[in-house]
Every structure is written in C-alpha cells, then in structure tokens.
Amino acid sequence: MDTKVYYLDEHQDEKIREAADVIKRGGLVVFPTETVYGLGANALDEEACRKIFIAKGRPQDNPLIVHVADFDISDYVEYIPENAKKIMENFWPGPITMVLKKSSKIPMLVTANLDSVAIRMPSNKVARKLIEYSGVPIAAPSANISGRPSPTTIEHTIEDLMGRVDMIIGGEKCEFGLESTVVEVLNDKVTILRPGAITKDMLEDIGLTVDIDPAILKRPDENLKPKSPGMKYRHYAPKAEMTIVTGRIDRAVDYINYKIKEMKSKGKVVGVLATEETKHLYEGGYIISVGSRNKLGLIAANLFDTLREFDKINVDYIYAEGFEEEGLGLAIMNRMKKAASYNIINV
C-alpha cells in the first residue's frame, strides 16, 4: 500500500479534508491527538475498522476507542448517566475515555463483542477537525504495531505503519504522551480501567466516588476479557528485555550499577532509564533521562520516546527506575510494568 505522509503546515485544512475523504471511503488515517497518535477508521463501518486490526496486528478481543468531535453522543450510547455528564462537563474535550452502554449503531467488532463502547472527545484541534470533516465518529487505537511503544511523534508512526495505512498526518509531538484515562461509568459507579492524565484525585475533586479496577495493579490473567484497551496484552514494549527497579532510589541506583557491571562482563549492552536527579550516578551503560522526578507530566510525555530510543541504540537489557504509584505516577508505572512484562525488582 502506498502511504501518503503530510506534515501539516499552512495548507493544514486542505490536508485534513483530504484525510477525511479517506475516512469516508473506508480507509485508514494516522492522526495526532493530545495523548498519542491514533490509527483511525470510520467507527460505523465494520469493514473499515477490521483494517485497523490487520494493520496493527491487534487481537480482536481488544476493543477500540470511538472518538467524537462534539458532546452529542446519543446516537452511539443507550443512555448517558449523570456521572458521565459530569465527566464530560469537566474534562471533555480532553484525555479521558468513558465506557458506556453502546447503541446498535456501533459495530460489535469495534467493542470486541462487548455491550459497551469506549468513547472520548480529543482536545487536539487536528483530531477534532478530522472527525468533523469526516462526518462520522472515528475508531482509533494507538498508531503503532501492536505491542510496541505507543507513538508520540509522526516519525514513530512512519516507522511502524508506513505501507500499512492510506495516510499519515501530523507533525506535532503529543502533549501528554500516555493514552487517555479510561473510566467505566455505570449509573453511580465510576471505575478506572486504565490510568492516564486525568487522575483518580481529579475525578474525586468533582464529587465522584471512584474505584480502581484491580487488573490495573497486577499482571493480567490470561483469561481476562478486557473491558478497555490496554488491559490485557503486552504493550509498549521495547525490543530489549526490561526490568523495573523499585524501592529507595539510592538502593535502586546501586543495584542498577551492579547489573551494568555484571552484564558488561558477559558482553551485553545495558540501557538505563534514569531521571535528571540520578543520571550522573551511573557507571557505564547507555543512560537516558526521562525527565525530572518533580515533573511527572514531562516523564509521561517522554516515556514512549525513550523506550524507542533504546531500540535505536540496540541495547540487550534495560533497567528502569520505578516511580511512586500515586497520581500520574500510577499511569506511568502502569505503562512501564506492561513494557517490562511485569519484571520488577524491589530493593
């Protein structure tokens, strides 16, 4: 397949309209959002959405997120609970997805045969224009080969999907760098299925009672039927084996330095996912700082790009400093654990 690539410039509107025509014809378009780049198709066209799974190599029991351009979602869901309205009023457009009872208009392929649909309104202007010009909601997972680190730049999407999709548009780096928070909203109950930039505290601050799905906090069971994208499968993974080192930071640094020496003696190359506070403490290996521990938003924005950098360096092993699982740290560690296949050492 020939893939058109457009870096958006002063002719941005014209190119977005061309991309919208691809969506209308049942094609695939990669586009930027504020979270990560998405791989989009007409959410109401089952055959178009089937192409998403083929292009990504994505398991069909992993549901897609439906992206909309305005607040009227009544055609796509059975009803909108009061708590869902409260979330929309406070956080839409933005990086939060709600899982609601679906209407018959949404194909079962999109929802992985569930009776619910994951739906959100992105704040990225290019994304919303694409949806608006297409005239249909757009189903879109992250625009990467399934299992790879999610794409936060247009270059990441070109690397993974060139020749697999009809068009790639964008150019800007994604603002948040982690996929949206996903919450299941059923009547009075709100449950976080995937942590993201909209945290549990932020949801509670608007008067909601919020639970966290236990599947977020542990290795998912192989028999799990995911209610949200990102719940079950190995995701975000670099090519090298990755281990997260948690515990007191000085002990973590000492342990990683020990592993650097051990692996070097075996002729292996080690990459270290460090922070600004610790990068000067390592003795060898390829050190990449993901940002300052005092700026978790920056760490989130840099995480996937950093994992892809280790792929370019072609390291054999990656040792990564862990973070406190509070606030945005919960989302960061959720992605890191999946990238590391839950290989965690506590020191």
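Everything here concerns the structure above.
Rules used in this analysis
Residues numbered from 1 in each chain as written. Predicted model: local features only at pLDDT ≥ 70, side-chain atom pairs only at ≥ 80, totals over all residues. Heavy atoms only, no water. Phe/Tyr/Trp six-rings, centres within 6.5 Å; stacked < 30°, edge-to-face > 60°. Helix = DSSP H or I, 4+ residues; strand = E, 2+ residues; numbered from the N terminus. Buried < 20%, exposed > 50% of the residue type's maximum accessible area, 1.4 Å probe, protein only. Lys NZ or Arg CZ within 6 Å of the ring centre and 35° of its normal. Pairing = 2+ DSSP bridges. Core = buried A, V, L, I, M, F, W, Y, C linked by side-chain atoms within 4.5 Å. Contact = heavy atoms within 4.5 Å. Salt bridge = Lys/Arg side-chain N within 4 Å of Asp/Glu carboxyl O.

K.L.:
I'd love a proper account of the packing of aromatic side chains, names of residues and values included.
P.N.:
In total, this model carries one aromatic pair according to the counting rule given. For the ring pair Phe-71 and Trp-92, a centre distance of 6.4 Å and an interplane angle of 40° mean the geometry is tilted. Highlighted residues: Phe-71 in the loop between strand 4 (65-67) and helix 3 (82-91) and Trp-92 in the loop between helix 3 and strand 5 (96-101), separated in sequence by 21 residues. For Trp-92, a relative accessible area of 5% gives the class buried. In this structure, Arg-17 is placed above the aromatic ring of Tyr-133, and the distance from its NZ or CZ to the ring centre is 3.8 Å.

K.L.:
Could you give an account of the pairing of strand 8 (residues 167-170), with specific residues and numbers?
P.N.:
Alternating positions in strand 8 separate into two faces, Met-167 and Ile-169 on one and Ile-168 and Gly-170 on the other, with burial throughout. Sheet analysis places strand 1 (residues 4-7) next to strand 8, joined by four bridges and oriented parallel. Bridged to Lys-4 within strand 8 is Met-167. Relative to strand 8, strand 2 (residues 29-31) is paired through two bridges, and the arrangement is parallel. Bridged to Val-29 within strand 8 is Met-167.

K.L.:
Can you tell me about the nonpolar core, naming the residues and giving the values?
P.N.:
Of all hydrophobic cores here, the largest spans 49 residues; its most connected members are Leu-39, Ile-73, Ile-87, Trp-92, Met-98, Val-183 and Leu-203. Of all the elements in the fold, those that place two or more residues in this core are strand 3 (38-42), helix 2 (46-56), helix 3, strand 5, strand 6 (116-120), helix 5 (154-161), strand 9 (181-186) and strand 10 (189-194). Among the elements that make up this core, the one with the highest residue count is helix 2 (five residues). Residues contacting Ile-87, with those up to four places away along its chain left out, are Trp-92, Ile-96, Met-98, Val-183, Val-185, Leu-203, Ile-206 and Leu-208. Of all hydrophobic cores here, the second largest spans 26 residues; its members include Ala-240, Leu-273, Val-290 and Met-336.

K.L.:
So what's going on with the pattern of salt bridges? Which residues, and what values?
P.N.:
Summed over the entire model, instances satisfying the criterion amount to 26 salt bridges. The partner of Asp-21 in a salt bridge is Lys-24, and the shortest N-O contact between them spans 3.9 Å. Note that Asp-21 and Lys-24 are positioned in helix 1 (residues 12-24) at a spacing of three residues, about one turn of the helix. Residue classification places Asp-21 among the partly exposed positions, given a relative accessible area of 35%.

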